Every structure is written in structure tokens, then in C-alpha cells.
Amino acid sequence: MTQSMRLGDEKQLMLFSGRANPALTQAIAADIGVDVGPVTLKTFSNGEVYCRFDESVRGADVFIVQPMCGNAESGVNANDALMELLVMVDAAVGASAHRVVAVTPWYGYSRQDKKSAAREPISARVVARTLEAVGVDRVLTMDLHAGQLQGFFGKPVDHMTALMMLADHFSGLDDDLVVVAPDAGRVKLNKQFATRLGAGLAILDKERPVQQVAEITHVIGDVSGKTAIIVDDMIDTAGTLRAAGEAVVNAGARRVFAAATHPVFSGRAFENLAAAPFEKIVVTDTIPLSAGAPTNVEVVSCAPLLADSIRRIFTNDSVSAVFGGQNHIF
Ligand SMILES: Nc1ncnc2c1ncn2[C@@H]1O[C@H](COP(=O)(O)O)[C@@H](O)[C@H]1O
Ligand SMILES: O=P(O)(O)OC[C@H]1O[C@H](OP(=O)(O)OP(=O)(O)O)[C@H](O)[C@@H]1O
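Conventions used here
- Residues numbered from 1 in each chain as written.
- Chains lettered and ligands numbered in written order.
- Predicted model: local features only at pLDDT ≥ 70, side-chain atom pairs only at ≥ 80, totals over all residues.
- Heavy atoms only, no water.
- Pairing = 2+ DSSP bridges.
- Helix = DSSP H or I, 4+ residues; strand = E, 2+ residues; numbered from the N terminus.
- Axes fitted to C-alpha atoms, helices over the stretch in contact; angles between N-to-C directions.
- Contact = heavy atoms within 4.5 Å.
- UniProt positions renumbered as here; feature names shortened; annotations may be inferred.
- Near = heavy atom within 4 Å.
- Polar contact = N/O pair within 3.5 Å; in protein donor to acceptor, adjacent residues only side chain to side chain.
- Areas by Shrake-Rupley, 256 points an atom, 1.4 Å probe, with all protein chains shown as cover.
- Phe/Tyr/Trp six-rings, centres within 6.5 Å; stacked < 30°, edge-to-face > 60°.
- Buried < 20%, exposed > 50% of the residue type's maximum accessible area, 1.4 Å probe, protein only.
- Lys NZ or Arg CZ within 6 Å of the ring centre and 35° of its normal.
- Nonpolar A, V, L, I, M, F, W, Y, C, P; charged D, E, K, R; others polar.

Engineer: Just checking my understanding: could you explain the sheet that holds strand β7 (residues 157-160) for this structure?
Structural biologist: Note on sheets: strands pair through backbone hydrogen bonds, and any given pair is parallel or antiparallel. Read from one edge of the open sheet, five strands run β1-β4-β5-β6-β7, paired in parallel fashion. Both outer strands of the open sheet, β1 (13-17) and β7, are each paired with one neighbouring strand and no more. Neighbour to neighbour, the strand axes of the sheet diverge by 20° on average, direction disregarded. Looking at chain direction, strand β6 (residues 138-142) and β7 are connected through four bridges and run parallel. Within β7, the position partnered with T141 by the bridge is H159. Helix α1 (residues 22-32) contacts β1 and β4 (61-65) of the sheet and is inclined by roughly 160° relative to β1.

Engineer: Is there a simple way to explain the UniProt feature "domain: Ribose-phosphate pyrophosphokinase N-terminal" (unreviewed entry) in the protein chain in this structure?
Structural biologist: Those places that UniProt annotates as "domain: Ribose-phosphate pyrophosphokinase N-terminal" (unreviewed entry) correspond, in this numbering, to residues 13-135. Across residues 13-135, helical content stands at 32% and strand content at 20%; the span's end C-alpha atoms are separated by 18 Å.

Engineer: When you look at the site of ligand 1 in this model, what are you seeing that I'm missing?
Structural biologist: Close to ligand 1 lie R111, Q112, K114, S116, H145, Q211, Q212 and D236, which account for all nearby residues. K114 is positioned such that a nitrogen or oxygen atom in its side chain is 2.3 Å from an oxygen atom of ligand 1. Note that an oxygen atom of ligand 1 is positioned 2.7 Å from one of the side-chain N or O atoms of H145. Contact with the protein chains removes 66% of the 490 Å² of surface that ligand 1 exposes when unbound.

Engineer: Would you mind going over the packing of aromatic side chains with me for this structure?
Structural biologist: Aromatic ring pairs are reported here in terms of the distance separating the ring centres and the angle at which the planes meet. Following the criterion strictly, the structure yields five aromatic pairs and no others. Ring plane angle 80° and centroid distance 6.0 Å describe the contact between F170 and F257, whose orientation is recorded as edge-to-face. With F170 in the loop between α4 (163-169) and β8 (177-181) and F257 in strand β12 (residues 255-263), this residue pair connects regions lying 87 residues apart in the sequence. For the pair shown, F170 and F257 are each scored as buried. Their ring planes at 70° and their centres at 5.5 Å tell us that F265 and F270 sit as a pair that is edge-to-face. By relative accessible area, F265 is classed as buried at 8%. The ring of Y50 carries K42 above its face, with NZ or CZ at 5.3 Å from the centroid.

Engineer: Quick question: what am I supposed to make of the site of ligand 2 here?
Structural biologist: By nearness alone, 14 residues border ligand 2, and D183, D232, D233, T237 and T240 come closest of all. Take H145: an N or O atom from its side chain is 3.2 Å from an oxygen atom of ligand 2. Interatomic distance of 2.8 Å between a backbone N/O atom of A238 and an oxygen atom of ligand 2. For ligand 2, the accessible surface in isolation is 500 Å², of which the surrounding protein chains cover 80%. Those elements that place two or more of their residues in the shell around ligand 2 are β11 (227-235) and α6 (239-250). When residues of the shell around ligand 2 are assigned to their parent elements, the largest contribution, four residues, is made by β11. Class assignment of the residues belonging to the shell around ligand 2 gives a composition of three nonpolar, four polar and seven charged.

Engineer: I would appreciate a short explanation of the sheet that holds β8 in the present structure.
Structural biologist: Strand order in this open sheet of seven strands is β10-β9-β8-β11-β12-β13-β14, and the pairing throughout is mixed. Of all strands in the sheet, those with a lone pairing partner are β10 (215-220) and β14 (297-300), marking the two edges. Sheet twist, expressed as the mean angle between neighbouring strand axes with direction ignored, is 25°. Pairing analysis gives four bridges linking β8 to strand β9 (residues 200-207), with the strands arranged parallel. Residue pairing in the sheet places A181 in a bridge with I203 of β9. Of the strands in this sheet, β8, β9, β11 and β12 are in contact with helix α5 (residues 187-197), which crosses β8 at around 165°. Strand contacts of α6: β8, β9, β10, β11, β12 and β13 (280-284), with the helix running at about 165° to β11, the strand carrying the most contacts.

In C-alpha cells form, the structure reads like this:
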């Protein structure tokens, strides 16, 4: 019989935070029942980021929580966050961690997942290749703009969704609910959201005459007299959501709500949300809420979902079982 040898203590789970979303890391740590590990992170005067783990990570499963977004409080932008994640992974690999997992619930550059025009890069693939180049063992992420982004990785990707959590937030809201997909690409996912709530489904025909401008040309389905919930993966400038909200109201919806996993909130987002007809806009904390968000924006935490996933990755248990053993939503 083959003998195995164990040196020292049991394998350790170590959780670290980049500067993009320390509040989310703290919430995950509290749920798992570990401390956030000590790490020095700073930006030099020329803008380069620096990282050093302040205790040994040798032999540990190292989970680095870092959505690829900016954080005004920490003074990092989205590109800093990406670079910081890369150097943190590199440092953990170089310090002999057993496994290094990038917990990046918001995957940056996810809308650049194909060439939409000649001579464009496929930047989402650049991000994946770079993470793999520095030695990441697996990636834990959430509600990718397109699930196919997983295919840019050769390493395992655990793709979680906040959709069910968001849907449950609206349970008991109204008997006459309709879930609205803001564009054709969202139909499949929004159908699942609607099924969970026992709601109908409507689809908007969205066009982007130029980048970052959204126009709704048709409402497909019946929203008249109903309570509509527009569900999307992200709210960036909120141009899509504002146009969608107005289109649904013009088509006769009685009340309008919105839900999205990622509150990117850039550019004119707050002006657009303030002018839009939503009673409530429900988002998660994959990205920290920037100051000045309208008061009808409500945040539900995805920390319990990520904590559960991290525990399962650490113990080599099924991660899809987080969703009750059912097939993954994607
Ligand atoms: N970061 C970005 N912000 C706004 N728009 C972006 C960003 N990255 C790429 N884009 C453009 O968005 C669309 C994506 O359309 P899909 O239908 O999801 O492919 C495309 O025009 C990108 O250039
Ligand atoms: O808040 P906004 O600035 O309007 O951006 C958010 C919207 O942009 C994305 O879709 P996009 O139109 O890029 O691609 P899609 O056709 O795949 O939905 C995203 O899925 C949202 O619908």
C-alpha cells in the first residue's frame, strides 16, 4: 500500500484583499470565520502598484478577493485593480502557496470579449491569459457579461450567479409581475429569473447607434398594467436602464423596478438613474457603491454566496451545489 506523508499542519485557507473592495472581503471573511490576511499594498508616486504578503503563505490555499473595478476610497482605478490582482497572484505563487484562487466577482473588460470591429483587441482574453501567465490556479467570478468568457481560461472557472438571490428579493412584490430583458442577449437568463418569481417575460429591442448610447426601439411582450422588473448583468452609465425604464412605462407598466448584479456606475449613471422611473434599483456589492448614489439604490450582499463557494473550493466539494444541486443557471 502506498504510504502518504503529511508535513506540518493541515492545509490552510488564507483570504486576502486587494484594494478594490475591502468591505466585500471583510464580509466574506466574517461569513467563513477567518481573518483577512495581512498584506502591504500601495501605489508608488509614479503610479506603479506594490504588494507584499506580511506572513508566510507557504502550502496554503490563498484566496485573493479583487473585483477588477476602481475604488475611490482606496484611490485605485479599474486598471490598478487588475494589475494589483496580477502582482498579488504572482507574489503568492512565488511564495509557494499550494493553490492561488482569484476571487474576482466583477470581471473587468468583459464587454470586450470579441472583435466588434476590425483591428480591435479581445481584451477579456488578454485578462484571462495574463492571470494564467502569473500562475492563477482557478478563478471564482460572478455573472459574467457572457458565460462563454470562461472559455478564455484553461484553468477552472467557478462562475456563480446572484440572479436567484436578486429574484428572491422581489418575491411577494406583486401578483402581476413581468420580468423584462433589456436586450435579446438577456432573454435566457431573465426567463429563469421570471420562472423563479412565477412572472411573465418581455423583451426590449435595444440598439447602440454608437458606443455608450442605448436606444430602445420596441417592447416585445405585454407589460401594460403590470409591475415590471428590468434585470441586467450590470449598470454602467445607466443609459440602457433609463431607456428601458422609459420604454416600459410608455408601454403601460404600472410600476417599474430594476435589478443588476454589478453596480459599475460610471459617467452619467447617477443622473440617468435619478431621471429614470424606477421605484427601486437592486444591485449587489461585487463593486463598492460610489458616493452619491440615488437613495432608491439598494444593495444586497453577495458575500454569503462567495463565502460558500470559497469553502467548497477549499474542501474540494461541489461548487454548483451552492445552487441546491441543480444545474448551473448558465
Ligand atoms: N468598458 C466599456 N464600456 C462601454 N462599452 C464598452 C466597454 N467595453 C466594450 N464596450 C463596447 O460595448 C459593446 C459590447 O457589446 P456586446 O453586444 O456585449 O458585444 C461593444 O460595442 C464594445 O465595444
Ligand atoms: O449602463 P450602460 O452604460 O447602458 O451599460 C450597461 C449595459 O451594457 C451591457 O450591454 P451591451 O449593450 O454592451 O451588450 P449586449 O448587447 O451584450 O447587452 C450590459 O449588459 C448592460 O445592458
